[in-house]
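Observations on chain architecture
Here are the chains, one letter per residue:
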Amino acid sequence: MNILDVARDKVLGNGEGLNQDEVLAALQVSDDELPELLQLAHDVRVKYCGVDVSLEGIISLKTGGCPEDCHFCSQSGLFESPVRAVTLNIPELVEAAKQTEKMGASEFCIVAAVKGPDDRLLNQVEDAIAAIHREVDINISASLGILTREQAHRLAQMGVKRYNHNLETARSFFPNVVTTHTWEERMDTQENVRAEGMETCCGGIIGLGETIEQRAEFAVQLASVEPEEVPMNFLDPRPGTPFADRPLVPRGEALRAVAAFRLAMPRTQMRFAGGTELVLGDDGTEQGLLGGANAVIGGNYLTTTGRAFEKDKDLVLDITPVGNDGRPVNGQDPAYDTLKAL
């Protein structure tokens, strides 16, 4: 059977994610079939997640100087990249959370460039979360690297709703991307987060040099984690890193990945993150939001520039049905005009 027919029956009809061979077939659909693949992924998203599109803001509590050698990352202290070390204070974090809420985001993520948090960092995060909650009504998520069970417990007690720790890429390709820690350590963190009752946010980066087959492997490995959220990043080659000369993912290939990952994880929130505007552009981002994705990180990323937060908000509103109060209306389906523009 054609993969579109398989996915229509298995995913749209029964809510069951595609397996690895089926994801691979979805990643290999022809250009002529791409609009149909995107529309199918959108239908799956609307049926199992609704039509709302989530907007999130992120801020780096500690930037640069990381001891790990993630080959895509300009925050590593092992590479000659132009990112300087910066640590924000609590008033700056509170102000950033206020601005994020003001723009209509439902979630604010605190990030630190570390292998894992020490007691000093956890104390700072605890103080920051308490200060934010005193002044801002917003969900707090965090991304502080590899966690022990005890550290996960402490973050849960602070009120962290969701924890981000990406697998980054397929297990078979991971040693080509990172050598200072293992894929298994990252998976252990997922288990510690889940055990302490926090939601898991786990995704990665498309275009690190992995094969299409490894991309399919990655999709089903993410699905096995059963994350509430999957950040979809596309490589934005950073000067001074080992991956500085890697090519950008072609737009059609990126859209196939968005749709295929949706078909592997029909009920998961899929959030466009780093590299989206570079690889997809505004039109392609809208096509992706009508082709499987249902969330966006608004504004800038950790070390790269995104669209202005206002522009991301406008993009979300353009494709999300709203009522007279200006809020998203569940159960209504946006038009497919952008798909027709492919």
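Residues numbered from 1 in each chain as written. Predicted model: local features only at pLDDT ≥ 70, side-chain atom pairs only at ≥ 80, totals over all residues. Heavy atoms only, no water.

1. A closer look at the side chain of N294
Selection rule: Each helix is a run of DSSP H or I of at least 4 residues and each strand a run of E of at least 2, with the numbering of both proceeding from the N terminus. Only protein chains enter the accessibility calculation, which uses a 1.4 Å probe; a residue is then buried when its area is under 20% of its type maximum, exposed when over 50%, and partly exposed in between. Whenever a nitrogen or oxygen atom comes within 3.5 Å of another N or O atom, the pair is scored as a polar contact, on the condition that within protein one atom can donate a hydrogen and the other can accept it, and that pairs from neighbouring residues in sequence are kept only if both atoms are in side chains. Should any heavy atoms of two residues lie within 4.5 Å, those residues are considered in contact.
One can find N294 in the loop between α10 (276-289) and β10 (295-297). Residue classification places N294 among the buried residues on the basis of a relative accessible area of 4%. Polar contacts involving the side chain of N294 include one to the side chain of R262, which spans 3.3 Å. For N294, the side chain forms a polar contact with the main-chain nitrogen of M270, separated by 2.8 Å. Residues in contact with N294, not counting those within four places in the same chain, are R45, C49, D52, V53, S54, R262, T268, Q269, M270 and L289.

2. Things to note about the pattern of salt bridges
Quick note on the threshold: The working definition used for a salt bridge is a side-chain nitrogen of Lys or Arg within 4 Å of a carboxyl oxygen of Asp or Glu.
By the definition in use, this model includes 19 salt bridges. Close ionic contact of K10 with E16 constitutes a salt bridge, the shortest N to O distance being 4.0 Å. The partner of E22 in a salt bridge is K10, with the nearest N and O atoms 2.7 Å apart. Of this pair, E22 sits in helix α2 (residues 20-27) while K10 sits in helix α1 (residues 3-13); the two residues are twelve residues apart in sequence, bridging distant segments of the chain.

3. Looking at the confidence of the model for the protein chain
Caution applies to low-pLDDT parts of the model: their predicted coordinates are not meant to be read in detail. Spelled out, the test is: Across the chain, each position has a pLDDT score giving the predictor's confidence in that residue, from 0 to 100.
When pLDDT is averaged across the protein chain, the result is 84; 81% of the residues are at 70 or more. Taken as a whole, residues 299-307 scores under 50 in pLDDT and shows 37 contacts with residues more than four places along the chain or in a different chain. Note that pLDDT drops below 50 for residues 321-342; the model gives that stretch 45 contacts with residues more than four away or on any other chain.

4. Focus on the UniProt feature "binding site: [2Fe-2S] cluster" (unreviewed entry) in the protein chain
Heads up, the condition is: UniProt positions are given in the numbering used here, feature names are shortened, and annotations may be inferred rather than shown by experiment.
Following the UniProt record, the feature "binding site: [2Fe-2S] cluster" (unreviewed entry) maps to C109, S141, C201 and R271 here. These residues run over 163 residues, yet every pair of their C-alpha atoms falls within 14.0 Å of each other. Among the secondary structure elements, S141 is positioned in strand β4 (residues 139-143). Not counting chain neighbours up to four residues away, the residues in contact with S141 comprise E56, E107, F108, C109, I110, V160 and R162. Within the structure, S141 has its side chain in polar contact with the side chain of E107 (distance 2.9 Å). Classification of R271 as buried rests on a relative accessible area of 0%. The contact partners of R271, leaving out residues within four places of it in the chain, are S54, L55, E56, E107, E229, V230, P231, M232, A295, V296 and I297.

5. Details of the packing of aromatic side chains
Where we set the bar: Working definition: rings of Phe, Tyr and Trp (its six-membered ring) pair if their centres are within 6.5 Å, and the pair is stacked with planes under 30 degrees apart, edge-to-face with planes over 60 apart, and tilted otherwise.
Here the structure, examined in full by the defined rule, presents one aromatic pair. Judged by centre distance (6.0 Å) and plane angle (70°), the rings of F218 and F261 are edge-to-face. Here F218, found in helix α8 (residues 212-225), pairs with F261, found in helix α9 (residues 251-264); they are 43 residues apart in sequence, far enough to count as distant. Accessibility assignment for this pair places F218 and F261 in one class, buried.

6. Some remarks on unusual backbone geometry
In this structure, E168 is a non-glycine residue whose phi angle is positive, near 75°. Checked against the element boundaries, E168 lands in the loop between β5 (162-164) and α7 (183-195). For E168, a relative accessible area of 8% gives the class buried.

7. Quick notes on the pairing of strand β8 (residues 229-234)
Spelled out, the test is: Pairs of strands are assigned from DSSP output, requiring at least two bridges between the strands.
The element β8 is extensively covered by neighbouring structure, given that six of its six residues are classed as buried. Covered by surrounding structure in β8 are E229, P231 and N233 together with V230, M232 and F234, the residues of both alternating faces. Where strand β7 (residues 204-206) and β8 come together, three bridges link them in parallel fashion. Directly across from I205, in β8, lies its bridge partner N233.

8. Structural notes on the environment of C109
Inspection of the secondary structure assignment puts C109 in strand β3 (residues 107-112). For C109, a relative accessible area of 6% translates into the label buried. Apart from residues lying up to four places away in sequence, C109 is in contact with E56, G57, I58, I59, S141, A142 and S143.

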